[in-house]
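Fold and geometry: a report
So the chains spell out like this:
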2 protein chains.
Amino acid sequence: MEKIDRLVSQRRRIRKGEHLYRAGSSLAALYAVRAGFLKSCVLHEDGREQVAGFHMMGDLLGMDAISGGLHMSNTVALEDSEICEMPFPLLEQLSREVPSLQQQLHRVMSREIVRDHGVMLLLGSMKAEERLAAFLLNLSQRFAARGYSPTEFNLRMTRAEIGSYLGLKLETVSRAFSSFQDQQLIAVRQRYVRILDLPGLKAMLDSKR
Amino acid sequence: MEKIDRLVSQRRRIRKGEHLYRAGSSLAALYAVRAGFLKSCVLHEDGREQVAGFHMMGDLLGMDAISGGLHMSNTVALEDSEICEMPFPLLEQLSREVPSLQQQLHRVMSREIVRDHGVMLLLGSMKAEERLAAFLLNLSQRFAARGYSPTEFNLRMTRAEIGSYLGLKLETVSRAFSSFQDQQLIAVRQRYVRILDLPGLKAMLDSKR
DNA sequence: CGGTTTCTTGATTGGGATCAATAGGAGTGG
DNA sequence: CCACTCCTATTGATCCCAATCAAGAAACCG
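Below, the structure is looked at part by part. The residue numbering used here restarts from 1 in each chain and proceeds along that chain's sequence as written. All chains are assigned letters beginning at A, and all ligands numbers beginning at 1, according to the order in which they are written. Where totals are concerned, whole chains, interfaces and linings use all residues; where local detail is concerned, this predicted model gives features only for residues with pLDDT of at least 70, and gives and counts side-chain atom pairs only at 80 or more. Water and hydrogen atoms were dropped before computing side-chain values, which therefore reflect all heavy atoms in the structure.

Here's the deal with the protein's contact with DNA strand C
We define proximity as follows: a residue is near a molecule or strand when any one of its heavy atoms falls within 4 Å of that partner. If you check the shell around DNA strand C, you find 18 residues, and the closest are Ala 128 and Thr 172 of chain A together with Arg 159, Ser 174 and Ser 178 of chain B. Atoms of DNA strand C within 4 Å of the protein belong to the sugar or the phosphate in 67% of instances, the rest to bases. We define a polar contact as two N or O atoms separated by no more than 3.5 Å, with the added condition that, inside protein, one atom must be a possible hydrogen donor and the other a possible acceptor, whereas residues neighbouring each other in sequence contribute only through side-chain atom pairs. A distance of 3.3 Å is found between a phosphate oxygen of DNA strand C and a backbone nitrogen or oxygen belonging to Lys 169 of chain A. In this structure, Arg 175 of chain B approaches DNA strand C through a side-chain N or O atom, which is 3.0 Å from a base nitrogen. Numbered from the N terminus, helices here are DSSP runs of H or I no shorter than four residues, and strands are runs of E no shorter than two. Elements represented by at least two residues in the surface near DNA strand C include exactly helix H6 (170-182) of chain A together with helix H6 (170-182) of chain B. Considering every element that reaches the surface near DNA strand C, the biggest residue donor is H6 of chain B, with 5 residues.

A closer look at the sheet that holds strand E8 (residues 186-189) of chain B
All names here are of chain B. The criterion for strand pairing is that DSSP finds at least two bridges linking the strands in question. Read from one edge of the open sheet, 3 strands run E7-E9-E8, paired in antiparallel fashion. Edge strands, defined here as strands with exactly one partner in the open sheet, are strand E7 (152-154) and E8. Neighbour-to-neighbour, the strand axes of this sheet turn through a mean angle of 15 degrees, independent of strand direction. Where E8 and strand E9 (residues 192-195) come together, 4 bridges link them in antiparallel fashion. Across the sheet, Val 188 pairs through a bridge with Val 193, a residue of E9. Contacts: residue pairs with any heavy atoms within 4.5 Å of one another. Interaxial angles span 0 to 180 degrees and are taken between N-to-C directions of axes, which are lines fitted to C-alpha atoms, for helices over the stretch in contact. In this fold H6 packs onto E8 and E9, with an angle of close to 135 degrees to the strand it touches most, E8.

Let's talk about the side chain of Ser 95 of chain B
Among the structural elements, Ser 95 of chain B can be located in helix H2 (residues 88-97). Engagement of the side chain of Ser 95 of chain B in a polar contact is seen with the backbone oxygen of Glu 92 of chain B, the distance being 3.1 Å. In contact with Ser 95 of chain B, other than residues within four places in its own chain, are Arg 96, Gln 102 and His 106 of chain A together with Leu 101 and Gln 102 of chain B.

Structural notes on the interface of chain A and chain B
Facing the 44 residues of chain A at the interface are 43 residues of chain B. Reported buried area values correspond to the accessible surface (1.4 Å probe) lost by two parts on association, with both partners' losses combined. The three residues of chain A that bury the most area against chain B are Arg 48, Arg 96 and Met 120 of chain A, which together make up 16% of that side's buried surface. Here, a salt bridge means any side-chain nitrogen of Lys or Arg that lies within 4 Å of a carboxyl oxygen of Asp or Glu. The interface formed by chain A and chain B holds 0 salt bridges in total. Inspection of the chain A/chain B interface yields 20 residue pairs in polar contact (both at pLDDT 80 or more). Mapped by element, the contributors of at least two residues to the side of chain A that touches chain B are strand E3 (29-43), strand E4 (49-56), helix H2 (88-97), helix H3 (99-125) and helix H7 (198-207) of chain A. In terms of residue count, the dominant contributor to the side of chain A that touches chain B is H3 of chain A (21 residues).

Describing the relation of the copies chain A and chain B
Copies are brought into register by a least-squares superposition over C-alpha atoms of residues with pLDDT of at least 70 in both. When chain A is brought onto chain B, the operation consists of a screw motion whose angular component is 180 degrees and whose axial shift is 0.0 Å, with 0.0 Å RMSD remaining. Expressed as an axis order, the relation between the two copies is that of a two-fold axis. Judged by C-alpha distance, Arg 96 of chain A is the residue of chain A that lies nearest the rotation axis, at 2.2 Å.

Notes on H2 of chain A
If you check which residues of H2 of chain A are buried, you get Phe 88, Leu 90, Leu 91, Glu 92, Leu 94 and Ser 95 of chain A. Each element contacted by the buried residues of H2 of chain A is listed here: helix H1 (2-7), E3, strand E6 (73-87) and H3 of chain A together with H2 and helix H3 (99-125) of chain B. Remark: exposure states derive from per-residue accessible area (1.4 Å probe, protein chains only) relative to the maximum for the residue type, with buried under 20%, exposed over 50%, and partly exposed in between.

Structural notes on helix H5 (residues 159-166) of chain B
All names here are of chain B. Among the 8 residues of H5, 6 are classified as buried, and the element is accordingly described as predominantly covered. Listed in full, the buried residues belonging to H5 are Arg 159, Glu 161, Ile 162, Gly 163, Tyr 165 and Leu 166. The positive-phi residue at the C-terminal boundary of H5 is Gly 167, with phi of around 70 degrees.

Quick look at the environment of Gly 24 of chain B
Residue position: Gly 24 of chain B is located in the loop between strand E2 (19-21) and strand E3 (29-43). Once the C-alpha coordinates of Gly 24 of chain B and Leu 70 of chain B are considered, the two residues, 46 residues apart in sequence, prove to be 5.4 Å apart.

Brief notes about the sheet that holds strand E9 (residues 192-195) of chain A
The strands making up a sheet associate through hydrogen bonds between their backbones, and the pairing can be parallel or antiparallel. All names here are of chain A. The strand order across the open sheet formed by 3 strands is E7-E9-E8, and the pairing between neighbours is antiparallel. Of all strands in the sheet, those bounded by a partner on one side alone are strand E7 (152-154) and strand E8 (186-189). Each strand of the sheet is rotated relative to its neighbour by a mean of 15 degrees, with strand direction disregarded. Both E7 and E9 contribute to a ladder of 3 bridges, which runs antiparallel.

Here's the deal with the protein's contact with DNA strand D
Taken together, the neighbourhood of DNA strand D is formed by 19 residues, with Arg 159, Ser 174 and Ser 178 of chain A together with Ala 128 and Thr 172 of chain B sitting nearest. A distance of 2.6 Å is found between a phosphate oxygen of DNA strand D and a side-chain nitrogen or oxygen belonging to Ser 178 of chain A. At 2.5 Å from a phosphate oxygen of DNA strand D is found a main-chain nitrogen or oxygen belonging to Ala 128 of chain B. If you tally residues by element for the surface near DNA strand D, the top one is H6 of chain A, at 5 residues. Gly counts as polar in this scheme, as do all residues outside two lists: the nonpolar Ala, Val, Leu, Ile, Met, Phe, Trp, Tyr, Cys and Pro, and the charged Asp, Glu, Lys and Arg. A class-by-class count of the residues in the surface near DNA strand D yields 3 nonpolar, 7 polar and 9 charged.

Here's the deal with the packing of H2 of chain B against H3 of chain B
Residues and elements named next belong to chain B. Axis separation between H2 and H3 bottoms out at 5 Å; the angle between their running directions is 125 degrees. In this view, H2 runs oblique relative to H3, as classed from their interaxial angle. In the crossing of H2 with H3, the sense of the turn from one axis to the other is left-handed. Facing Leu 91, Leu 94, Ser 95 and Glu 97 of H2, the residues of H3 in contact are Pro 99, Leu 101, Gln 102 and Leu 105. Any angle between 65 and 115 degrees counts as roughly perpendicular, while under 35 counts as roughly parallel, over 145 as roughly antiparallel, and the rest as oblique. With the far helix as reference, a near helix turned anticlockwise by less than a right angle produces a left-handed crossing, and one turned clockwise produces a right-handed crossing.

Have a look at this one:
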């Protein structure tokens, strides 16, 4: 138990705009978000970059580095954040000694795989407005699960970052926001979003087949 | 050691078209492909389905079920296949006892995450022909790594399945094949593909920015 | 063989990208 | 605190790539 305490005792503060880790740096630890908001970006050889995920309290980061010992993405704070740094060798050792920890680790990695498959589905088969609806609903759910309002929140990312994540251009994201507003589904002013019609938003996903 | 023998002793033959597992079925085991070729498909609530991956010798399947205890995808053999079935509880136990097995498991799950991020990049930022080029190069690499020809192989999947995986319609896939053939990059007749200009194919990926 | 699935190719359409211009906020330094 | 600048967001106009619609051809299978 004291080992587990030691595991989660390493804290780290990241200021807005700073990197938690960069692609190419070696795996030192996995990171649990204690507070704040971050994005991670995967990169193509040619310099293309794409947002692969947005992360908030409770999310675990850095798992892409386990396979090759090197991080394969950049992770940057979108607001001042607090991170719990778990040295990976210690985590591996403890997960051998504590079955429940082992199971937890496996579940978290599996959840990341399932999440990625969901994004693949979104990118491969949804139209622009469906993608944004799915994105907003996902944020809503995650805020709700953390005790925040599911219908009212501030986006921490720009339209361009949302677009990158959703495989759209920022203008398209902006237009989709405006369209939702016209349809009375949401009220949006800059980064502040209020969901007016949650069922209506959900209906956008399955109604369109 | 004999436990590991027991772990990998369970074999299962899957005929072309049969399911290895279905979405909703509970996690019994992870599956290693011994021979053959399979696809796995993720599904949307509304019935939409998308190919999430193609799998061949050496690939490990079923990891999406660890997080919730239920498979989140359908996995189907595209040709007669042989699968090694590893009961998951036994795998967890052994990975506690054998550190190298534990590391192996973590690496494989991490590799799946990295692979998924690559597909997300493809779906989010590439044009049709770039996607097909990336797909063919990926297959080529994987065949090469298994001792088969990297430049000559039979596709086991239909144009529609390739399209589903790449976020394209089957007609677009067919046109891209024809275009590559016109450009002397490949020779293709139905499912038989011969890569004539590997560097040329690679150039399609970074030349276009 | 006949029937069915798969593939190719052509014509047209449409959704999102691109180009462009303006406006709104946020941060900075005087 | 305000003026200035830069970044971010909105909106319009046009274009282009891939989807859709459609028709045949080729391969596979019982």
